[in-house]
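Coordinates in review
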Amino acid sequence: MTAGVIHTIRCDQTIDGEQCNQEWYAPLPMANHRELRAHLRKRGWRRKRDGRDLCPDHAQETAR
């Protein structure tokens, strides 16, 4: 039996001290982080300059 790595990302947005619980994972093996980031961008996820990852809902809110 072999084990693989499932890349998972979680939204880093906090609202009133509570962190967003949205997360997403890559359904297919990704060769590297860049491939995963490109896949996430297509689905609306955004990485901020401060290193936070935002789900599609929060990425739209902060873009305004």
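All of these numbers come straight from a predicted model, not from anything done at the bench.

Let's shift gears to helix α1 (residues 33-42). The set of residues buried in α1 consists of Leu36, His39 and Leu40. One side of α1 holds all its buried residues, which, seen down the axis, span an arc of 100°. Among the exposed residues of α1, those oriented more than 90 degrees off its buried face are Arg34 and Lys42. Taken from the residues just after α1, Gly44 is the one with a positive phi, measuring 100°.

Backbone geometry places Asp16, a non-glycine residue, at a positive phi of 55°. Counting through the fold element by element, Asp16 comes out in the loop between β2 (14-15) and β3 (18-19). The exposure class assigned to Asp16 is exposed, which follows from its relative accessible area of 79%.

So, on to the environment of Asp57. Following the sequence through the fold, Asp57 ends up in helix α2 (residues 56-63). The spacing of Asp57 and Trp45 is twelve residues in sequence and 8.5 Å in space, taken between C-alpha atoms.

Turning our eyes to something else, we now look at the confidence of the model for the protein. With 80% of its residues at a pLDDT of 70 or more, the protein has an overall mean of 80. No element of the protein has a lower mean pLDDT than α2, at 77, and none a higher one than strand β5 (residues 46-47), at 90.

This paragraph deals with the state of the cysteines. Applying the stated rule across the entire model yields zero disulfides. Here Cys11 is not disulfide-linked; the sulfur of Cys55 is the nearest cysteine sulfur, at 3.6 Å. Looking at Cys55, the relative accessible area reads 0%, which means it is buried.

By secondary structure assignment, the location of Ile6 is in the segment before β1 (8-10). Taking the relative accessible area as the measure of exposure, Ile6 reaches 59% and is therefore exposed. Separated by 19 residues in sequence, Ile6 and Tyr25 have C-alpha atoms that sit 6.8 Å apart. The contact partners of Ile6, leaving out residues within four places of it in the chain, are Tyr25 and Ala26.

Before going further, it helps to examine the nonpolar core. A general trend in soluble globular proteins is that nonpolar side chains are found buried together. Counting eleven residues, the largest nonpolar core consists of Ile9, Cys11, Cys20, Trp24, Ala26, Leu36, Leu40, Trp45, Leu54, Cys55 and Ala59. Beyond its immediate stretch of four places on either side in the chain, Cys55 contacts Cys11, Cys20, Gln22, Gly44 and Trp45.

Calculation rules
Residues numbered from 1 in each chain as written. Predicted model: local features only at pLDDT ≥ 70, side-chain atom pairs only at ≥ 80, totals over all residues. Heavy atoms only, no water. Buried < 20%, exposed > 50% of the residue type's maximum accessible area, 1.4 Å probe, protein only. Helix = DSSP H or I, 4+ residues; strand = E, 2+ residues; numbered from the N terminus. Arc of directions from axis to C-beta. pLDDT = per-residue confidence, 0-100. Disulfide = S-S within 2.5 Å. Contact = heavy atoms within 4.5 Å. Core = buried A, V, L, I, M, F, W, Y, C linked by side-chain atoms within 4.5 Å.

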